[in-house]
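# Commentary on secondary and tertiary structure
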Amino acid sequence: MHSTPARRRIAFLLFDGVKTLDYVGPAEVFVEANQAVQGYDVVLLSPDGRDVMTSLGSTVSVHGAAGDAGDVDTVIVPGSELPPHEFARGPLTDAAAALAAHARRVVSICSGAFVLAEIGALDGRRATTHWKFAPELERCYPRVRVEPDAIFVRDGDVSTSAGVAAGIDLALALVEDDHGADVARQVAQLLLVYLQRSGGQSQYSVPLRARAQPASIVRRATDLVDADPARAWTVPQLAALVAVSPRHLTRRFREELDQSPAEYVTAVRFDLARVHLEAGASVTETAAQAGYGSAEALRRAFIARLGISPSHYQRRFRSTRPTMRDRPAGAGFDLAS
């Protein structure tokens, strides 16, 4: 007679300002898995056992204090939109360290990585966080090998993920470790999410490009590029239009935007290509509209930057809003909508 596997206790360490989706999404993965295996007990903890105020401004009741939790299988620290130095300290880091000392595995979501870094759990390990926090994580904790484009990173018994939905990806991977691919696939199907997404964070989140100073020659040059990104821009052409030498323009770009004029043009074109693909344009149309010499050149650019082809990107991210050509002949529009 086979014995029933012991249920694993998954502890989410919450705090005031915690990002709601950072813990709700992964928690639902483990709860959903119970439909198949009855393998998890999900507990919500706070450093002192008091209820917490989430990023939504709602109060969440916890099951107790971290110090009274007893043994847990997995401790998960979500992130926050608060600056990491405001929450990754004091009682929260003390609670995380105490839980991590007795857990089989330790996990962070988004900027929760700063808590793990602060307690030394990431020293000498590979780790990730949301792209907007990655430079700060790398700067503040030089012993951490930050991988800013990863959706999640697993290094031994410590795992870290990028922001929000990436926590769901990581939770599915943990379920697969515990109960196999079939259970993880069933959970993904029930939640209507990918079991495993290809590519990195850059395919989902485009950091806002730094804006040059309003009165600078760099701003004049970027405005020209933004107005006609498909044009075959060269540094000498741009420099002539803003009445400086190519060398001076390149130096000013480096000073203000930390990139060359050519890199800026490339980034603008790539963003434009993504917009066209998401709007439903064909790969060939997109290549022409965004200034690429051919569909093959566009394909190479997408493979190099995102690890997926333009057509794959389009299937994943194209808007579901119908365009005129998507509508059957004779179909009208509801002017009241």
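See the structure above.
Residues numbered from 1 in each chain as written. Predicted model: local features only at pLDDT ≥ 70, side-chain atom pairs only at ≥ 80, totals over all residues. Heavy atoms only, no water.

## Structural notes on the overall build of the protein chain
Within the protein chain one finds 14 helices and eleven strands. Expressed as a percentage of the 337 residues in the protein chain, the buried residues total 45%. The long-range share in the protein chain, meaning contacts at least 24 apart out of those at least 6 apart in sequence, stands at 63%. Looking at the protein chain as shown, the accessible area adds up to about 16900 Å², and 53% of this sits on carbon and sulfur atoms. (Helix = DSSP H or I, 4+ residues; strand = E, 2+ residues; numbered from the N terminus. Buried < 20%, exposed > 50% of the residue type's maximum accessible area, 1.4 Å probe, protein only. Contact = heavy atoms within 4.5 Å. Areas by Shrake-Rupley, 256 points an atom, 1.4 Å probe, with all protein chains shown as cover.)

## Some details on the sheet that holds strand S6 (residues 74-77)
Strand order across the open sheet formed by seven strands is S5-S2-S1-S6-S7-S11-S10, with mixed pairing between neighbours. Each end of this open sheet is capped by a strand with a single partner; those strands are strand S5 (64-65) and strand S10 (152-155). The sheet contacts of helix H1 (residues 20-37) involve strand S1 (8-13), strand S2 (40-46), S6 and strand S7 (105-109), and relative to S2 the element is tilted by about 155°. (Pairing = 2+ DSSP bridges. Axes fitted to C-alpha atoms, helices over the stretch in contact; angles between N-to-C directions.)

## A few points about the pairing of S1
Examined bridge by bridge, S1 and S2 share six bridges and lie parallel to one another. Each bridged residue has a counterpart across the sheet, and for Arg8 the counterpart in S2 is Tyr40. As a crossover connection, the stretch from S1 through H1 into S2 is right-handed. Sheet topology note: the S1/S6 ladder contains three bridges and is parallel. (Right-handed = clockwise from strand over helix to strand, strands pointing away.)

## Let's talk about helix H3 (residues 90-100)
Inspection of H3 places Leu92, Thr93, Ala95, Ala96, Leu99 and Ala100 among the buried residues, and these make up the whole buried set. On an axial view of H3, the arc spanned by its buried residues comes to 160°, and they lie on one face. Those residues of H3 that are exposed and aimed more than 90 degrees away from the buried face are Pro91 and Asp94. (Arc of directions from axis to C-beta.)

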